[in-house]
Every structure is written in structure tokens, then in C-alpha cells.
Amino acid sequence: MDLTNDNYYEKLFEGESTTWLVEETSLVWALHRTFEGNLCIKPTTGSTLVLNAKTGQACLKLFVPTTFVSAERMISLAKWKAAEEVATLIRALPSEERPTSIFTAHKCIVDPLSVHMLDFPDISIAYSRAYFPFRAIMKITKIHEDVVRSYDPRLNVYNVYDDWLKTTSPHSAFLRLLLLLRSILVDYDQVKAILCSTNAETLPNHIWPSMSQSAWIEVEARLKEIVINRWQANNPQQLSPTESQLGSIILGTLHPHPEIQTNVDWRARAIEATELSSNANNISLSQSEVSGTVTYVIPENLIKKFICIADVHSQVGGILYGYSPTSSVREVRCIVIPPQCGCSSTVSFARLQSHSLLREMGLLGWIHTQTNHSTHVSPHTLVSYAKLAEENGFNNLNIITNMLTITCSIVSGGCLLLAHSPTLPGVEWGLTQAKSCSATCGLPCEEFSPSFYTEKKLVVESSFMGFYLVPDQIPWNFNFMPDKFNLALDYTLTNQNPKDFYHETHRPMHFSQSNGDEPSSTNTTCTTTSASTTFSTTSGNEEASAEDLSEDLFS
């Protein structure tokens, strides 16, 4: 399970399984410059956070500076200490309350956890490439005061969902928490002003103001504006993020900074992608019952090349063009790979362009990869298709419902092809969800029905070949450059095979030389608390909380 895949966020709340999310970077350090000009790390009171995403129970193990006295490698000790406390907490729980899986914010704590968890082989341990905002919990006054005023190690337990579960599902409560915390990381002063403007009272045993469901919806809309404004400030060439991008930013699977986006372990992912050539030699078709009399035929060389240029973590898509030699046969002859930027659940295309080789062909549909194995159509696929049709002015619903969608699921050792077309209710549902799915953080799943699509017969043929059209002068893959991607990109098409997902032309920043900025000689500020507000405030220029730098320290 990888939390960079938006689909897996829903699985945190399914069945009887329990997942813990561990944030070890809540440990607070103070950095100050010595007389000789060197940076010196001084530990202060901090904590390790363990969150049960299904119940909202947050356990903070508080540390005091004496924990790190005489330690030469304090950062390494902090990782092992955090892992030790997580294992101690599990041992103190009865077996039925223990987690089935643990996700950490950083890979560096996986090994210490594995060592301390040898007594629990049934608990899976992994790290998520998703950028968790949980360190923002330290900015909440009630929690912050407990941390800075602690003079001995202890365990504090909070319910970060308050009473939300009375009126909403655990999944929705988790998304609301992520939105609040991510907005706090962007501008917690503005978030504080938004919450104070509601004039809602914060109960003694609550963390957030007590508001009705309708009031929370209004607050969430204003918080999304904060996230969007910051995203636009870092992506000036794109007017606003798409619905899927907004949901991925809030969830932490797509970051507004391209430096953060490409700072993940892309080398390991590139090595995984090299195995796709073997997957291309084992193509299978879905055995589901099909409807209609039309058979779609696609050349084998197009499918194999499409699999080879894909990625196992992000979706890749293309547009299908071809002929109709008879009323019951549709032959795909060309796949256009437009400029695109995708995530684990969706992919966004720049607006389609024409080419002389397409004048005698018709638009047959589109094809995309899928990062998880499924024999059914996902809601994301239907919404992505509806957005594609709307953005390119396909207004005739009869034509839209006759277009083909090929989903290429990359499975272990092979690929599974699923062909379908949306029904009229499915198109209408997809268009509605495309406009409102930001309210569910890009996870459209409500009221989805199998009646929204029909299976189609697909044949992979090797007796004839097809060709590709790709952007000329610009790359087709903008996953490593999301700040340069927008729907109105001006480009022309040329006849050539597409380059691989991790080709050097798609990631120029990995080859550019960058000079690091010199550390500022001014000491950063230590965080102080104000009991009259929900969030902590900052003042002075004397000592520094390295909370904002802790991510780099633990990377």
C-alpha cells in the first residue's frame, strides 16, 4: 500500500483493519549560530505523534531535553527513540486494539521501527511518499502548551476529530483534518482569523471550535482558497489547480513546489519502470461480459509502446484515433500523447491539437494506465473522461457515450486491458463530479454505480501497426515540472515515438547545477504560545525552533 495513491486513503477506513500514521518530525530542535559561526543543534521539548486515522485518536509521546544529554548523534538517537516509543505503545495495548499497519512520514525511521517491532511480525511497516502536514499539530495552542510546559516524559492522548464523527464519516473527518493542518502550514494566522470569525466556542475537551456541518463546509471552502492561493503563487503560469490537483495537494500526493515533488525517491521509481518492458510481453484482456455489437481493434505495437513509456505510480494517458471500416469494427491507428500531468488516480491533458495525419481519422476515445489492479471501472476514470470531454468542447452526449475508454492496469508481471464506454447517466454524473469533486478532495466515490458504463469488446491485433503523435519542441511528461503545465499550452504535434516517462528531457532539473543559499546569520524565532487563541504565535529574533527544518534533518 502506498499513500501516494489517492485510492488508498479510502482503504484506511475500510474493514476491521487499523492503520497508524507516525510523524516523528514533531521533535523540536533549536538551531543557533556559535561564536565561531557554526550551526549548533540544541534539543528542546518535542514529541512523536501517532494518529489513528479511523478514530482520530492522536498519541503524543513528549520528550524533554535531558533525553538527549551527552548524545553525540542526536538526530540518529531521535529516530531510534521515536521508534522505541511507538513499539512501547503497541505493547501496552491489547491485541484487538493494535494496528495492522504503520505508515511513517520518512523512510529513515522504517529500519528502527522494524528492529523494535520484531515481536509483532503481523504488523506491516512502510513509509509514505505523501507529504503529511501533521507537524502543524504542534502549532495548536492546547497541544503546544502541553509540549513546551512538560518537564518529564509522558504520553498525552487527544481526539483531533472532536465530535465530527457524529455528523460525518471517518474518511470525511480525516480529509477535513488534513485541510486544516495544510492550511495552517501555509498561513496559520489567516486560519486562526477564519476560525475566530465564526464566533464558535471551543469546548474544554475539544481542539477545534464546535460548529455545525454547514458552518464547517463554509470554513473548508475558505481554507481551500488559502491552499489554492499558495499554489498559484508557486505556479504563476497556471491560473488555478485542477480538481484532481487540489485534492492531491491537500492529501499530500502532489506538492505545489516542484522541488518537493521531485525530491521523492524517483530513482527507485525509475528502476521499477524499467521492468515495464517485460510487462508489455504479457498482455491480457478482461473477461467480463460485453454489450453491443461493435468491436474495437488496437495494434499490438501501440499497446506495447504505451506500456513501456508508462510509470507504475503515476497515470499516463493518450487519445485514440482511427477508422471505421465497417459499422461493427473500429480500428485504432494512432495514439496522440498530449502534454500531461498526472497522479496515482487521475491525469490531466493540455487541450487537444490537430494534425494533418488525423484529418481522415475519427476520434475513437482515450487510453490511460492504472496503478492498481482492478477489473472494474473506477469513479476517477469516469470523472477524468468527463473532464476531458468538457475541456475540449465535446458537447454532443451521443458522441461522448460512444467513445471508448481503455484502462491499462499494470499488474505484477503483466498488464490487464479493460474497455468500456460511459452511459448517458454516467456522463452526466461524471460532469457533475468534475465540478464538485474538490469538495471531496478529488475522491469522487459517492453514488457511483456500475450502470454508469458498459463493457466493450477489445481485440489486440498484430497484423497491422499504428503510429504515435507527440508534442514537438516540448516534452509530453510534465510530472517533474508541474509548475510549467497548464491546460492552454500552445504546442504542435509531430510523428515520432514518445520518450520514456523518466527520460532526461522530462526532468531537466536533475541535471542543472544549483548553488545552495547561505544560511542566514540571524537566528530564527522560537515559537511561543498565547492562551487566548487557538494557535501559537511567533515573536522575537533570539532563539530558533527548527520545527520547519526538521523535515530536512530527518530526510
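Residues numbered from 1 in each chain as written. Predicted model: local features only at pLDDT ≥ 70, side-chain atom pairs only at ≥ 80, totals over all residues. Heavy atoms only, no water.

Examining the overall build of the protein chain
- In terms of helices and strands, the protein chain carries 15 helices and 23 strands.
- Split into buried and exposed, the 555 residues of the protein chain put 53% on the buried side.
- Long-range pairs, those at least 24 residues apart, make up 73% of the contacts in the protein chain with a sequence separation of at least 6. (Helix = DSSP H or I, 4+ residues; strand = E, 2+ residues; numbered from the N terminus. Buried < 20%, exposed > 50% of the residue type's maximum accessible area, 1.4 Å probe, protein only. Contact = heavy atoms within 4.5 Å.)

Side note on the nonpolar core
- Of all hydrophobic cores here, the largest spans 46 residues; its most connected members are Leu 60, Phe 134, Phe 174, Leu 177 and Trp 208.
- Listing elements by their share of this core, those giving two or more residues are strand S4 (46-52), strand S5 (57-63), helix H4 (141-148), helix H5 (170-197), helix H6 (213-234) and helix H7 (243-251).
- Ranked by size, the runner-up nonpolar core spans 36 residues in total, among them Val 294, Ile 367, Ile 410 and Val 470. (Core = buried A, V, L, I, M, F, W, Y, C linked by side-chain atoms within 4.5 Å.)

Considerations on the packing of aromatic side chains
- Summed over the entire model, instances satisfying the criterion amount to ten aromatic pairs.
- Centre to centre, the rings of Trp 164 and Trp 208 are 6.4 Å apart; their planes meet at 25 degrees, and the pair counts as stacked. With Trp 164 in the loop between strand S8 (154-159) and H5 and Trp 208 in the loop between H5 and H6, this pair connects stretches of sequence that are 44 residues apart.
- Measuring from ring centre to ring centre gives 5.6 Å for Phe 480 and Tyr 502, while their planes differ by 65 degrees; the resulting arrangement is edge-to-face. Note that Phe 480 is positioned in the loop between strand S20 (467-472) and strand S21 (492-495) and Tyr 502 in the loop between S21 and strand S22 (527-528), a separation of 22 residues in sequence. Take Phe 480 and Tyr 502: they sit in the same class, and that class is buried.
- Pairwise contacts between aromatic rings join Tyr 161, Trp 164, Trp 208 and Trp 216 into one cluster. (Phe/Tyr/Trp six-rings, centres within 6.5 Å; stacked < 30°, edge-to-face > 60°.)

Digging into the pairing of strand S10 (residues 295-299)
- The element S10 is extensively covered by neighbouring structure, given that five of its five residues are classed as buried.
- Alternating residues of S10 divide into Thr 295, Val 297 and Pro 299 and Tyr 296 and Ile 298, and every residue in both groups is buried.
- The pairing of S10 with strand S12 (residues 329-336) spans three bridges and is classified as parallel. What sits directly across from Thr 295, in S12, is Val 329. (Pairing = 2+ DSSP bridges.)

Brief notes about the environment of Ala 82
- In this fold, Ala 82 is placed in helix H2 (residues 74-91).
- Here Ala 82 falls in the buried class, since its relative accessible area comes to 0%.
- Sequence-wise, Ala 82 and Leu 113 are 31 residues apart; in three dimensions their C-alpha atoms are separated by 8.5 Å.

Details of unusual backbone geometry
- Unusually for a residue other than glycine, Asn 199 sits at a positive phi of about 55 degrees.
- Secondary-structure assignment places Asn 199 in the loop between H5 and H6.
- Asn 199 sits in the exposed class, given a relative accessible area of 70%.
- In this structure, Gln 473 is a non-glycine residue whose phi angle is positive, near 75 degrees.
- For Gln 473, the location among the structural elements is in the loop between S20 and S21.
- By relative accessible area, which is 73% here, Gln 473 ends up exposed.

Some thoughts on helix H9 (residues 266-273)
- Among the residues of H9, those classed as buried are Trp 266, Arg 269, Ala 270 and Ala 273. Buried residues of H9, viewed axially, fall in a sector of 100 degrees; they line one side. Those residues of H9 that are exposed and aimed more than 90 degrees away from the buried face are Arg 267 and Ile 271. (Arc of directions from axis to C-beta.)

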